[in-house]
Amino acid sequence: MTATEHPRLPMLAPRRGKPPRHFADLDAVERKDALKQLGQPGFRAKQLATHYYDHLTVDADDMTDLPAAAREDLVAELFPPLLSPVTQLVTPDGETVKTLFTLVDGAKLECVLMKYPDRATLCVTSQAGCGMACPFCATGQMGLTRNLSAAEIVEQVRLAARAARDGSLGGDPVRLSNVVFMGMGEPLANYNAVMTAVRALTSPAPEGFGLSARHVTVSTVGLVTGIDRLAGEGIPVTLALSLHAPDDELRDEIVPINARWKVDEALDAARRYFDATGRRVSIEYALIRNINDHAHRAELLAKKLRARGDGWVHVNPIPLNPTPGSKWTASDPAVEREFVRILRMHGIPTTIRDTRGSDIDGACGQLAIKER
Ligand code: SF4
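So, how was this worked out
Residues numbered from 1 in each chain as written. Predicted model: local features only at pLDDT ≥ 70, side-chain atom pairs only at ≥ 80, totals over all residues. Heavy atoms only, no water. Helix = DSSP H or I, 4+ residues; strand = E, 2+ residues; numbered from the N terminus. Buried < 20%, exposed > 50% of the residue type's maximum accessible area, 1.4 Å probe, protein only. Contact = heavy atoms within 4.5 Å. Areas by Shrake-Rupley, 256 points an atom, 1.4 Å probe, with all protein chains shown as cover. Near = heavy atom within 4 Å. Nonpolar A, V, L, I, M, F, W, Y, C, P; charged D, E, K, R; others polar. Arc of directions from axis to C-beta. Patch = residues over 30% accessible without salt bridge, like charges linked within 9 Å, V, L, I, M, F, W, Y side chains within 5 Å. Salt bridge = Lys/Arg side-chain N within 4 Å of Asp/Glu carboxyl O. Lys, Arg positive; Asp, Glu negative; His and termini not counted. Charge placed at Lys NZ, Arg CZ, Asp CG, Glu CD. Pairing = 2+ DSSP bridges. pLDDT = per-residue confidence, 0-100. Phe/Tyr/Trp six-rings, centres within 6.5 Å; stacked < 30°, edge-to-face > 60°. Lys NZ or Arg CZ within 6 Å of the ring centre and 35° of its normal.

Regarding its fold elements, the chain presents twelve helices and twelve strands. Here the chain holds 372 residues, and 55% of them are scored as buried. Within the chain, counting contacts between residues at least 6 apart in sequence, those at least 24 apart form 68% of the total. Accessible surface computed for the chain: about 15,500 Å², of which carbon and sulfur atoms make up 52%.

Here it is in C-alpha coordinates:
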(Lines give C-alpha, C1' and ligand atoms only; values in the text may rest on other atoms or scores of the structure.)
Protein backbone atom coordinates (compact mmCIF):
# COMPACT_ATOMS: atom_id res chain seq x y z
CA MET A 1 0.00 0.00 0.00
CA THR A 2 1.12 3.51 -0.59
CA ALA A 3 0.15 6.45 1.52
CA THR A 4 -1.41 9.56 0.10
CA GLU A 5 -1.51 13.09 1.42
CA HIS A 6 -5.02 13.83 2.48
CA PRO A 7 -6.31 17.38 2.21
CA ARG A 8 -9.71 16.79 3.81
CA LEU A 9 -9.27 18.85 6.98
CA PRO A 10 -9.23 22.66 7.05
CA MET A 11 -5.96 24.23 8.14
CA LEU A 12 -5.92 26.58 11.13
CA ALA A 13 -3.00 28.88 11.81
CA PRO A 14 -1.32 27.80 15.06
CA ARG A 15 -1.20 30.39 17.84
CA ARG A 16 1.47 30.84 20.46
CA GLY A 17 0.95 30.27 24.16
CA LYS A 18 -0.28 27.61 26.58
CA PRO A 19 -3.44 25.67 25.74
CA PRO A 20 -6.41 27.83 26.73
CA ARG A 21 -8.98 26.63 29.24
CA HIS A 22 -11.32 24.11 27.67
CA PHE A 23 -14.55 22.51 28.80
CA ALA A 24 -12.91 19.06 28.79
CA ASP A 25 -10.29 20.21 31.32
CA LEU A 26 -12.91 21.17 33.89
CA ASP A 27 -14.66 19.08 36.52
CA ALA A 28 -18.34 19.56 37.38
CA VAL A 29 -17.74 22.33 39.92
CA GLU A 30 -15.31 24.19 37.65
CA ARG A 31 -17.80 24.05 34.77
CA LYS A 32 -20.50 25.60 36.88
CA ASP A 33 -18.08 28.30 38.07
CA ALA A 34 -17.02 29.03 34.48
CA LEU A 35 -20.65 29.33 33.42
CA LYS A 36 -21.41 31.61 36.34
CA GLN A 37 -18.55 33.90 35.27
CA LEU A 38 -20.13 33.96 31.82
CA GLY A 39 -23.50 34.93 33.30
CA GLN A 40 -25.07 31.56 32.57
CA PRO A 41 -26.91 29.13 34.86
CA GLY A 42 -25.16 25.97 35.97
CA PHE A 43 -27.55 23.67 34.10
CA ARG A 44 -25.97 24.77 30.84
CA ALA A 45 -23.05 22.49 31.77
CA LYS A 46 -25.18 19.46 31.00
CA GLN A 47 -26.37 20.95 27.70
CA LEU A 48 -22.79 21.71 26.66
CA ALA A 49 -21.61 18.26 27.73
CA THR A 50 -24.35 16.69 25.60
CA HIS A 51 -23.24 18.67 22.55
CA TYR A 52 -19.59 17.89 23.10
CA TYR A 53 -19.52 14.24 24.22
CA ASP A 54 -22.74 12.93 22.71
CA HIS A 55 -23.25 15.01 19.55
CA LEU A 56 -19.46 15.47 19.12
CA THR A 57 -19.91 19.09 18.09
CA VAL A 58 -18.41 22.43 19.09
CA ASP A 59 -20.34 24.32 16.44
CA ALA A 60 -22.49 27.07 17.98
CA ASP A 61 -25.04 26.66 15.16
CA ASP A 62 -25.75 23.10 16.35
CA MET A 63 -26.54 24.25 19.90
CA THR A 64 -30.08 25.34 19.28
CA ASP A 65 -31.17 24.64 22.84
CA LEU A 66 -28.93 27.48 24.07
CA PRO A 67 -29.98 31.14 23.90
CA ALA A 68 -28.96 32.44 20.47
CA ALA A 69 -27.27 35.51 21.95
CA ALA A 70 -24.98 33.43 24.18
CA ARG A 71 -24.00 30.56 21.89
CA GLU A 72 -21.03 32.12 20.15
CA ASP A 73 -19.57 33.43 23.42
CA LEU A 74 -19.99 30.11 25.19
CA VAL A 75 -18.26 28.26 22.38
CA ALA A 76 -15.45 30.82 22.17
CA GLU A 77 -14.85 30.69 25.92
CA LEU A 78 -15.27 26.99 26.59
CA PHE A 79 -14.39 25.24 23.33
CA PRO A 80 -11.35 27.09 21.98
CA PRO A 81 -9.68 25.25 19.07
CA LEU A 82 -6.76 23.22 20.43
CA LEU A 83 -5.66 21.03 17.52
CA SER A 84 -4.85 22.29 14.02
CA PRO A 85 -4.44 19.53 11.43
CA VAL A 86 -1.20 19.80 9.47
CA THR A 87 -0.95 16.58 7.50
CA GLN A 88 -3.20 13.61 7.09
CA LEU A 89 -2.11 10.32 5.56
CA VAL A 90 -4.65 7.74 4.51
CA THR A 91 -4.10 4.21 3.28
CA PRO A 92 -5.67 3.61 -0.15
CA ASP A 93 -8.50 1.59 1.39
CA GLY A 94 -9.28 4.66 3.51
CA GLU A 95 -9.37 2.56 6.66
CA THR A 96 -6.26 3.80 8.42
CA VAL A 97 -5.82 7.52 8.89
CA LYS A 98 -2.86 9.15 10.55
CA THR A 99 -3.15 12.83 11.40
CA LEU A 100 -0.43 15.22 12.49
CA PHE A 101 -1.75 18.17 14.49
CA THR A 102 -0.13 21.38 15.65
CA LEU A 103 -1.07 22.61 19.11
CA VAL A 104 -1.53 26.24 20.05
CA ASP A 105 2.11 26.64 21.03
CA GLY A 106 3.41 24.97 17.87
CA ALA A 107 4.07 21.57 19.51
CA LYS A 108 3.10 18.58 17.38
CA LEU A 109 1.12 15.41 18.03
CA GLU A 110 0.01 12.49 15.92
CA CYS A 111 -2.82 10.04 16.25
CA VAL A 112 -3.90 7.06 14.17
CA LEU A 113 -7.47 5.95 13.55
CA MET A 114 -8.00 2.37 12.42
CA LYS A 115 -11.26 0.97 11.11
CA TYR A 116 -12.25 -2.68 11.46
CA PRO A 117 -15.42 -4.32 10.16
CA ASP A 118 -17.35 -3.75 13.38
CA ARG A 119 -15.50 -0.97 15.18
CA ALA A 120 -12.81 1.68 15.06
CA THR A 121 -9.77 2.10 17.29
CA LEU A 122 -7.90 5.32 17.94
CA CYS A 123 -4.29 5.45 19.06
CA VAL A 124 -3.92 8.69 21.03
CA THR A 125 -0.96 10.80 22.09
CA SER A 126 -0.49 11.85 25.70
CA GLN A 127 2.65 13.99 25.48
CA ALA A 128 4.28 16.13 22.80
CA GLY A 129 7.46 14.09 22.42
CA CYS A 130 8.59 11.77 25.21
CA GLY A 131 11.23 11.93 27.90
CA MET A 132 11.74 8.17 28.20
CA ALA A 133 14.44 8.07 25.50
CA CYS A 134 13.93 4.49 24.26
CA PRO A 135 16.60 4.37 21.54
CA PHE A 136 14.55 2.41 18.97
CA CYS A 137 11.60 4.84 19.09
CA ALA A 138 11.10 7.86 16.84
CA THR A 139 9.33 9.82 19.59
CA GLY A 140 12.09 9.01 22.06
CA GLN A 141 14.57 10.74 19.76
CA MET A 142 12.58 13.99 19.96
CA GLY A 143 12.74 14.34 23.73
CA LEU A 144 9.83 15.73 25.71
CA THR A 145 8.37 19.03 24.55
CA ARG A 146 5.54 19.11 27.10
CA ASN A 147 2.63 17.25 28.61
CA LEU A 148 -0.67 17.52 26.80
CA SER A 149 -3.63 18.96 28.64
CA ALA A 150 -6.60 16.67 29.25
CA ALA A 151 -8.60 18.55 26.64
CA GLU A 152 -5.86 18.11 24.04
CA ILE A 153 -6.18 14.35 24.57
CA VAL A 154 -9.98 14.38 24.63
CA GLU A 155 -10.13 16.45 21.44
CA GLN A 156 -8.18 13.75 19.58
CA VAL A 157 -10.93 11.35 20.60
CA ARG A 158 -13.83 13.64 19.74
CA LEU A 159 -12.48 14.41 16.27
CA ALA A 160 -11.86 10.73 15.58
CA ALA A 161 -15.26 9.67 16.93
CA ARG A 162 -16.89 12.20 14.63
CA ALA A 163 -14.88 11.04 11.59
CA ALA A 164 -15.83 7.41 12.31
CA ARG A 165 -19.49 8.31 12.86
CA ASP A 166 -19.68 10.41 9.69
CA GLY A 167 -18.16 7.70 7.54
CA SER A 168 -15.13 9.73 6.53
CA LEU A 169 -13.01 6.58 6.93
CA GLY A 170 -14.50 5.06 3.80
CA GLY A 171 -17.24 2.45 3.75
CA ASP A 172 -20.00 2.45 6.31
CA PRO A 173 -19.90 4.68 9.36
CA VAL A 174 -18.69 2.92 12.49
CA ARG A 175 -18.59 3.74 16.16
CA LEU A 176 -15.28 4.59 17.77
CA SER A 177 -15.22 1.87 20.37
CA ASN A 178 -11.59 1.50 21.41
CA VAL A 179 -8.95 3.98 22.46
CA VAL A 180 -5.35 3.01 23.14
CA PHE A 181 -2.86 5.37 24.77
CA MET A 182 -0.02 4.14 22.60
CA GLY A 183 0.78 7.24 20.56
CA MET A 184 3.53 9.66 21.45
CA GLY A 185 4.59 9.90 25.08
CA GLU A 186 4.46 7.93 28.31
CA PRO A 187 0.88 8.23 29.59
CA LEU A 188 1.69 7.64 33.25
CA ALA A 189 4.23 10.49 33.16
CA ASN A 190 1.27 12.80 32.45
CA TYR A 191 -0.93 11.09 34.98
CA ASN A 192 -3.50 13.71 35.93
CA ALA A 193 -4.33 14.78 32.40
CA VAL A 194 -4.49 11.18 31.22
CA MET A 195 -6.85 10.24 34.05
CA THR A 196 -9.10 13.22 33.36
CA ALA A 197 -9.22 12.04 29.75
CA VAL A 198 -9.86 8.42 30.77
CA ARG A 199 -12.80 9.56 32.90
CA ALA A 200 -14.17 11.51 29.94
CA LEU A 201 -13.79 8.43 27.74
CA THR A 202 -15.49 6.02 30.10
CA SER A 203 -18.20 8.16 31.71
CA PRO A 204 -21.64 7.56 30.25
CA ALA A 205 -23.14 10.29 28.06
CA PRO A 206 -23.63 13.14 28.49
CA GLU A 207 -20.65 13.41 30.86
CA GLY A 208 -18.36 11.40 28.61
CA PHE A 209 -18.10 9.31 25.45
CA GLY A 210 -19.45 6.20 27.17
CA LEU A 211 -16.69 3.81 26.11
CA SER A 212 -16.30 0.58 28.04
CA ALA A 213 -13.25 0.77 30.34
CA ARG A 214 -12.12 -2.59 28.97
CA HIS A 215 -11.89 -0.95 25.55
CA VAL A 216 -9.52 1.72 26.81
CA THR A 217 -5.86 0.70 27.03
CA VAL A 218 -3.26 2.68 28.94
CA SER A 219 0.28 1.71 28.06
CA THR A 220 3.34 2.32 30.15
CA VAL A 221 7.00 1.64 29.85
CA GLY A 222 6.90 0.55 33.51
CA LEU A 223 6.38 3.50 35.86
CA VAL A 224 5.62 1.39 38.91
CA THR A 225 4.17 4.12 41.11
CA GLY A 226 1.89 5.13 38.25
CA ILE A 227 0.71 1.55 37.71
CA ASP A 228 -0.17 1.22 41.39
CA ARG A 229 -1.98 4.54 41.34
CA LEU A 230 -3.93 3.50 38.25
CA ALA A 231 -4.89 0.24 39.97
CA GLY A 232 -6.54 2.27 42.74
CA GLU A 233 -8.67 4.44 40.45
CA GLY A 234 -11.59 2.03 40.22
CA ILE A 235 -11.69 2.31 36.41
CA PRO A 236 -10.62 -1.09 35.07
CA VAL A 237 -8.92 0.01 31.87
CA THR A 238 -6.58 -2.44 30.19
CA LEU A 239 -2.96 -1.97 31.20
CA ALA A 240 -0.28 -2.56 28.58
CA LEU A 241 3.25 -2.89 29.91
CA SER A 242 5.87 -2.19 27.24
CA LEU A 243 8.49 -4.64 28.43
CA HIS A 244 10.61 -5.30 25.32
CA ALA A 245 13.16 -7.38 27.27
CA PRO A 246 12.86 -9.91 30.11
CA ASP A 247 16.35 -9.30 31.55
CA ASP A 248 17.71 -6.17 33.18
CA GLU A 249 20.96 -6.23 31.29
CA LEU A 250 19.24 -5.67 27.95
CA ARG A 251 16.29 -3.66 29.24
CA ASP A 252 18.64 -1.15 30.90
CA GLU A 253 19.89 -0.45 27.40
CA ILE A 254 16.70 -0.38 25.32
CA VAL A 255 14.24 0.94 27.93
CA PRO A 256 16.19 3.45 30.01
CA ILE A 257 13.51 3.79 32.74
CA ASN A 258 14.63 0.28 33.71
CA ALA A 259 17.42 1.99 35.61
CA ARG A 260 14.70 3.17 38.02
CA TRP A 261 12.32 0.18 38.04
CA LYS A 262 13.70 -3.23 37.13
CA VAL A 263 11.96 -5.92 35.09
CA ASP A 264 10.78 -7.81 38.18
CA GLU A 265 9.42 -4.67 39.80
CA ALA A 266 7.49 -3.75 36.66
CA LEU A 267 6.07 -7.29 36.34
CA ASP A 268 5.12 -7.36 40.03
CA ALA A 269 3.26 -4.07 39.57
CA ALA A 270 1.51 -5.47 36.48
CA ARG A 271 0.41 -8.51 38.47
CA ARG A 272 -0.87 -6.23 41.27
CA TYR A 273 -2.84 -4.36 38.62
CA PHE A 274 -4.51 -7.61 37.57
CA ASP A 275 -5.26 -8.45 41.22
CA ALA A 276 -6.83 -5.05 41.81
CA THR A 277 -8.88 -4.81 38.63
CA GLY A 278 -9.37 -8.33 37.27
CA ARG A 279 -8.20 -7.00 33.90
CA ARG A 280 -5.70 -9.17 32.10
CA VAL A 281 -2.49 -7.23 31.48
CA SER A 282 -0.94 -6.97 28.01
CA ILE A 283 2.82 -7.28 27.76
CA GLU A 284 4.03 -5.38 24.70
CA TYR A 285 7.25 -6.67 23.18
CA ALA A 286 8.68 -4.94 20.09
CA LEU A 287 10.68 -7.64 18.32
CA ILE A 288 13.98 -6.06 17.27
CA ARG A 289 16.30 -8.05 15.03
CA ASN A 290 19.20 -9.65 16.89
CA ILE A 291 18.57 -7.44 19.91
CA ASN A 292 15.76 -8.96 21.97
CA ASP A 293 14.33 -11.70 19.75
CA HIS A 294 16.41 -14.65 20.92
CA ALA A 295 14.82 -17.95 21.91
CA HIS A 296 16.43 -17.79 25.35
CA ARG A 297 14.70 -14.45 25.93
CA ALA A 298 11.34 -15.95 24.99
CA GLU A 299 12.06 -18.73 27.51
CA LEU A 300 12.99 -16.22 30.21
CA LEU A 301 9.92 -14.09 29.53
CA ALA A 302 7.65 -17.13 29.77
CA LYS A 303 9.33 -18.21 32.99
CA LYS A 304 8.91 -14.79 34.62
CA LEU A 305 5.27 -14.53 33.61
CA ARG A 306 4.44 -18.09 34.74
CA ALA A 307 6.18 -17.45 38.06
CA ARG A 308 3.53 -14.83 38.75
CA GLY A 309 0.60 -17.14 38.10
CA ASP A 310 -1.71 -18.20 35.31
CA GLY A 311 -4.41 -16.34 33.43
CA TRP A 312 -3.30 -12.83 34.31
CA VAL A 313 -1.35 -11.84 31.26
CA HIS A 314 -1.26 -11.85 27.47
CA VAL A 315 1.81 -11.13 25.35
CA ASN A 316 1.69 -9.00 22.21
CA PRO A 317 4.89 -9.23 20.23
CA ILE A 318 5.06 -6.39 17.69
CA PRO A 319 7.42 -6.47 14.73
CA LEU A 320 9.38 -3.24 15.18
CA ASN A 321 8.34 -0.53 12.76
CA PRO A 322 11.78 0.87 11.96
CA THR A 323 12.52 4.57 12.13
CA PRO A 324 14.20 5.80 8.95
CA GLY A 325 17.96 5.94 9.41
CA SER A 326 17.87 3.80 12.54
CA LYS A 327 20.00 0.69 13.05
CA TRP A 328 17.05 -0.99 14.79
CA THR A 329 14.85 -3.08 12.57
CA ALA A 330 12.17 -5.76 12.73
CA SER A 331 12.95 -9.38 13.47
CA ASP A 332 13.05 -11.94 10.73
CA PRO A 333 9.57 -13.51 10.36
CA ALA A 334 10.92 -16.99 11.14
CA VAL A 335 12.50 -15.68 14.34
CA GLU A 336 9.24 -13.96 15.21
CA ARG A 337 7.33 -17.23 14.73
CA GLU A 338 9.76 -19.08 16.94
CA PHE A 339 9.47 -16.46 19.67
CA VAL A 340 5.70 -16.81 19.63
CA ARG A 341 5.89 -20.61 19.54
CA ILE A 342 8.04 -20.72 22.67
CA LEU A 343 5.71 -18.45 24.62
CA ARG A 344 2.67 -20.48 23.61
CA MET A 345 4.42 -23.74 24.38
CA HIS A 346 4.74 -22.47 27.95
CA GLY A 347 1.05 -21.68 28.07
CA ILE A 348 1.34 -17.90 27.64
CA PRO A 349 -1.47 -16.51 25.44
CA THR A 350 0.36 -14.65 22.67
CA THR A 351 -0.89 -12.64 19.70
CA ILE A 352 1.21 -10.76 17.17
CA ARG A 353 -0.05 -7.19 17.35
CA ASP A 354 -1.57 -5.58 14.29
CA THR A 355 0.93 -3.22 12.66
CA ARG A 356 -1.72 -1.35 10.73
CA GLY A 357 -0.45 1.93 9.40
CA SER A 358 3.20 0.93 9.22
CA ASP A 359 3.21 2.03 5.58
CA ILE A 360 2.12 5.52 6.57
CA ASP A 361 4.84 6.16 9.13
CA GLY A 362 2.75 4.23 11.61
CA ALA A 363 5.29 4.12 14.42
CA CYS A 364 4.57 6.93 16.83
CA GLY A 365 6.59 10.06 16.22
CA GLN A 366 7.65 9.37 12.64
CA LEU A 367 5.38 11.94 11.06
CA ALA A 368 6.24 14.58 13.66
CA ILE A 369 9.95 14.01 13.07
CA LYS A 370 9.50 14.34 9.31
CA GLU A 371 7.58 17.56 9.82
CA ARG A 372 10.46 18.95 11.84
S1 SF4 B 1 8.75 3.73 23.25
FE2 SF4 B 1 7.13 4.89 24.33
S3 SF4 B 1 8.12 5.39 26.32
FE4 SF4 B 1 9.81 4.82 24.92
S5 SF4 B 1 10.49 6.79 24.03
FE6 SF4 B 1 8.92 5.92 22.65
S7 SF4 B 1 6.99 6.89 23.26
FE8 SF4 B 1 8.46 7.15 24.94
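Taken together, C130, M132, A133, C134, C137, G140, G185 and V221 make up the full set of residues adjacent to the ligand. When its residues are assigned to classes, the shell around the ligand shows six nonpolar, two polar and no charged.

What follows concerns helix α3 (residues 68-78). Side chains of residues three or four places apart in an α-helix project in the same direction, reflecting 3.6 residues per turn. Burial in α3 covers these residues: A70, R71, L74, V75 and L78. Down the axis of α3, the buried set is contained in an arc of 130 degrees. They therefore lie on one face. Summarising the geometry of α3, the exposed residues directed more than 90 degrees from the buried face are A69, E72, D73 and A76. In this structure, the buried residues of α3 make contact with α1 (28-37) and α2 (44-54).

A grouping of D59, D61, D62, E72 and D73 is seen on the molecular surface, where their side chains present a negatively charged patch. Among the secondary structure elements, D59 is positioned in the loop between α2 and α3.

Note that the residue after A205, namely P206, is joined by a cis bond; omega there is 10 degrees. Residue position: P206 is located in the loop between α6 (191-202) and β9 (216-220). Here the phi dihedral of A133 falls at roughly 60 degrees; this positive angle occurs in a residue that is not glycine. Residue position: A133 is located in the loop between β6 (127-129) and α4 (138-142). Positive phi outside glycine occurs at H244, with the angle close to 70 degrees. You can see H244 is positioned in the loop between β10 (238-242) and α8 (248-254).

Let us now look at the pairing of strand β5 (residues 119-123). Among the five residues that make up β5, four are buried, leaving the element largely enclosed by the rest of the structure. Pairing geometry for strand β4 (residues 108-116) and β5, over five bridges, is antiparallel. When the bridges of β5 are listed, V112 appears paired with C123. Between the antiparallel neighbours β4 and β5 lie two residues. As judged from the four bridges shared by β5 and strand β8 (residues 176-181), these two strands associate in the parallel manner. Its bridge partner lying in β8, T121 is registered against N178.

What follows covers the side chain of Q47. Looking at the secondary structure, you find Q47 in helix α2. Under the relative-accessibility criterion, Q47 is labelled buried at 16%. Discounting chain neighbours no more than four positions away, the residues touching Q47 are D65 and L66.

Here the chain averages 91 in pLDDT, while 90% of its residues score no lower than 70. Confidence drops under pLDDT 50 across residues 1-15; counting only partners more than four residues distant or on other chains, this segment forms 38 contacts.

Under the definition given, this model contains 18 salt bridges. A salt bridge links R297 to D247; the nearest nitrogen and oxygen atoms lie 2.8 Å apart. One end of the pair, R297, is in helix α10 (residues 295-306); the other, D247, is in the loop between β10 and α8, and 50 residues separate them in sequence. R297 sits in the buried class, given a relative accessible area of 12%. Its relative accessible area of 13% is what places D247 among the buried residues.

Tallied over the entire structure, the rule returns five aromatic pairs. An angle of 20 degrees between the planes, with centres 5.3 Å apart, marks the rings of Y52 and F79 as stacked. With a gap of 27 residues between them, Y52 in helix α2 and F79 in the loop between α3 and β2 (84-90) connect regions that are remote in the sequence. By the burial criterion, Y52 is buried, and F79 matches it. Ring centres of Y285 and F339 lie 4.8 Å apart, and the angle between their planes is 40 degrees; this geometry places the pair in the tilted category. Of this pair, Y285 sits in strand β11 (residues 281-287) while F339 sits in helix α11 (residues 333-345), and the two are 54 residues apart along the sequence. Residue Y285 shares its accessibility class with F339, and that shared class is buried. Against the face of F23 rests R31, its NZ or CZ located 4.0 Å from the ring centre.

Of all eleven residues making up α2, eight are buried, and the element is well covered by its neighbours. Backbone geometry just downstream of α2 places L56 in the positive-phi region, at approximately 60 degrees.

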